[in-house]
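Overview (structure and organization)
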Amino acid sequence: MVAGVLEYELRKILQEGLPLVEKPYQEIARQLAVSEQVVIEKIAELKRQGLIKRFGMVLRHHELGYAANCMVVWDIPDDRVDQVAERLANSACVTLCYQRPRRDKWSYNLFCMIHGKERAQVERQLQEMIEAHQLDYPHQLLFSSRRFKQRGARYV
Amino acid sequence: MKLSEQDRQLLNRVQQDFPLHPEPFKVLSDQLGVPEQEILDRLRSLEQQNAISRFGAVFNHHRAGASTLAALAIPEHEIEEVAAFVSSFAEVNHNYQREHEFNLWFVVNATDQKGVEKVLNQISATYEYPLLDLPMVKGYHIDLGFPLW
């Protein structure tokens, strides 16, 4: 198989999911008509290149009992956003932390996610984080009240 | 769902650096001291219960394609209809209702920026509600999965 085609087909499988069998790489190697070693080396290469940022099981928090999902949005002065973001990102309760642009009716430029078993626990973790790092900036808590769709991204 | 201490250990282990070895579950078995078959059975059962969304790769969306976080401010009584329309796009992978004036938040992923814009344009042409388009400027947290405690 041509290298570019192989990478495309492999990425499709990696974003849809591998089978939970004893030899998963052999299984997809068969589908792609290449050797198991080629599949393993290609995944390792995509990881090294940084195209794959994580390889393994992708969980659904809600089904595991972590029902409270909160997006906390912050309005941080532009010259301090990196510094604050590093502190947030290093907090154990924060799973993702992104800088995003401000808009006309939207003054918040830093976003982080906090998951917990219940709302009160998330609020407590946030309060502890604010106190520990003196995060005295305007912010809002956007708890999710309903999940309409959750799946892996499809790029190819 | 009730998770045992062994479940937590297993799930914390398998979310990242999954063994790139012909028999990865055997490697995990050695690392965790749990029989290979027991690991596979447990993971299959969690997948059947939808607690595992998939066994695969999380791509760096900056490098794998284009992506944005978008939000709509929708009258409460229309949210289900609009949410269903938004979810119907294959490019939308996450779609949540949140407690805010902007009450529907969704992620759009596509091969390129044009693909992302096409979806947003179709949504705003169908429902003329305030729309936020908030592409990532910078990411600070390496996605290490979700620590269970």
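Rules and cut-offs
- Residues numbered from 1 in each chain as written.
- Chains lettered and ligands numbered in written order.
- Predicted model: local features only at pLDDT ≥ 70, side-chain atom pairs only at ≥ 80, totals over all residues.
- Helix = DSSP H or I, 4+ residues; strand = E, 2+ residues; numbered from the N terminus.
- Rg over C-alpha atoms; globule rule 2.2 N^0.38 Å.
- Buried ≥ 20, exposed ≤ 12 C-beta atoms within 10 Å, placed from the backbone.
- Contact = placed C-beta atoms within 7 Å.
- Expected span 1.5 Å × (residues − 1).
- Nonpolar A, V, L, I, M, F, W, Y, C, P; charged D, E, K, R; others polar.
- Domains from an automatic or database assignment.
- Core = buried A, V, L, I, M, F, W, Y, C linked by C-beta atoms within 7 Å.
- Pairing = 2+ DSSP bridges.
- Axes fitted to C-alpha atoms, helices over the stretch in contact; angles between N-to-C directions.
- Parallel < 35°, antiparallel > 145°, perpendicular 65-115°, else oblique.
- Left-handed = near helix turned anticlockwise from the far one by under 90°.

Remarks on the overall build of chain B
- When its secondary structure is counted, chain B shows 6 helices and 6 strands.
- The N-to-C order of helical and strand elements in chain B reads α-α-α-β-α-β-α-β-β-α-β-β.
- At 19 Å, chain B has a C-alpha radius of gyration far larger than the 15 Å of a compact globule built from 149 residues.
- Dimensions of chain B along its principal axes, counting C-alpha atoms only, are 55 × 35 × 25 Å.
- Across the 149 residues in chain B, those meeting the buried criterion constitute 32%.
- A sequence separation of at least 24 residues applies to 56% of the contacts in chain B between residues at least 6 apart.

Concerning helix α3 (residues 36-48) of chain A
- Taking 1.5 Å as the rise per residue, α3(A) with 13 residues should run 18 Å; its terminal C-alpha atoms sit 19 Å apart, in good agreement.
- Against the buried residues of α3(A) lie α1 (3-16), α2 (24-32) and β1 (52-59) of chain A.

Comments concerning the interface of chain A and chain B
- If you look at the interface, chain A gives 60 residues, while chain B gives 63 residues.
- Listing elements by their share of the side of chain A that touches chain B, those giving two or more residues are α1, α2, α3, β1, α4 (81-89), β3 (94-99) and β5 (139-150) of chain A.
- Counting residues per element, the side of chain A that touches chain B draws most heavily on β5(A), at 9 residues.
- Residue composition of the side of chain A that touches chain B, by class: 29 nonpolar, 14 polar and 17 charged.

With respect to the domain arrangement of chain A
- Considered domain by domain, chain A is made up of domain 1 (3-48) and domain 2 (62-143).
- For domain 1 of chain A versus domain 2 of chain A, the distance between C-alpha centres works out to 36 Å.

Side note on the domain arrangement of chain B
- Splitting chain B by domain gives domain 1 (5-48) and domain 2 (61-134).
- Here the C-alpha centre of domain 2 of chain B lies 35 Å away from the C-alpha centre of domain 1 of chain B.

Overview of the nonpolar core
- Ranked by size, the top nonpolar core spans 32 residues in total, and within it A:Met57, A:Leu59, B:Val14, B:Ile52 and B:Ala57 carry the most contacts.
- Counting residues per element, the ones that place at least two in this core are α1, α2, α3 and β1 of chain A together with α1 (5-14), α2 (24-32), α3 (36-48) and β1 (52-59) of chain B.
- Those residues within four positions of A:Met57 in sequence are excluded, and the remaining contacts are B:Leu11, B:Val14, B:Gln15, B:Ile52 and B:Phe55.

Structural notes on the sheet that holds strand β2 (residues 68-74) of chain A
- Spatially, 9 strands are ordered β5(B)-β2(B)-β4(B)-β3(B)-β5(A)-β2(A)-β4(A)-β3(A)-β6(B) in an open sheet, and the strand pairing comes out antiparallel. Two strands in the sheet have a free side with no partner beyond their single neighbour: β5 (131-134) and β6 (138-139) of chain B.
- Here β3(A) runs beside strand β4 (residues 110-116) of chain A; their pairing, made up of 5 bridges, is antiparallel. By the bridge assignment, A:Val94 is partnered in β4(A) with A:Ile114.
- Packed on one face of the sheet, helix α5 (residues 79-87) of chain B meets β5 of chain A together with β2 (66-72), β3 (92-98) and β4 (104-110) of chain B and runs near 165° to β3(B).

Thoughts on the environment of B:Ser45
- Turning to its location among the elements, B:Ser45 is positioned in helix α3.
- Separated by 70 residues in the primary sequence, B:Ser45 and B:Gly115 have C-alpha atoms spaced 36 Å apart.

Considering the pairing of β1(A)
- The buried count for β1(A) comes to 8 of 8 residues, which makes it a mostly enclosed element.
- For β1(A) and β1(B), the ladder comprises 7 bridges, and the chain directions are antiparallel. The partner of A:Met57 across the bridge, within β1(B), is B:Phe55.

Here we look at unusual backbone geometry
- Unlike most non-glycine residues, A:Gln134 shows phi in positive territory, near 45°.
- Given 9 C-beta atoms within a 10 Å radius, A:Gln134 is considered exposed.
- Despite not being glycine, B:Asn50 shows a phi value in the positive range, around 70°.

What about the packing of α2(B) against α3(B)?
Residues and elements named next belong to chain B.
- Close contact between α2 and α3 brings their axes to 8 Å; oriented N to C, the two are set at 110°. The angle between the axes of α2 and α3 places the two elements in the roughly perpendicular class. Crossing geometry of α2 relative to α3 is assigned as right-handed. Of the residues in α3, those touching α2 at Phe25, Lys26, Leu28 and Ser29 are Glu36, Ile39 and Leu40.
- Of the residues assigned to the contact of α2 with α3, the class counts are 4 nonpolar, 1 polar and 2 charged.

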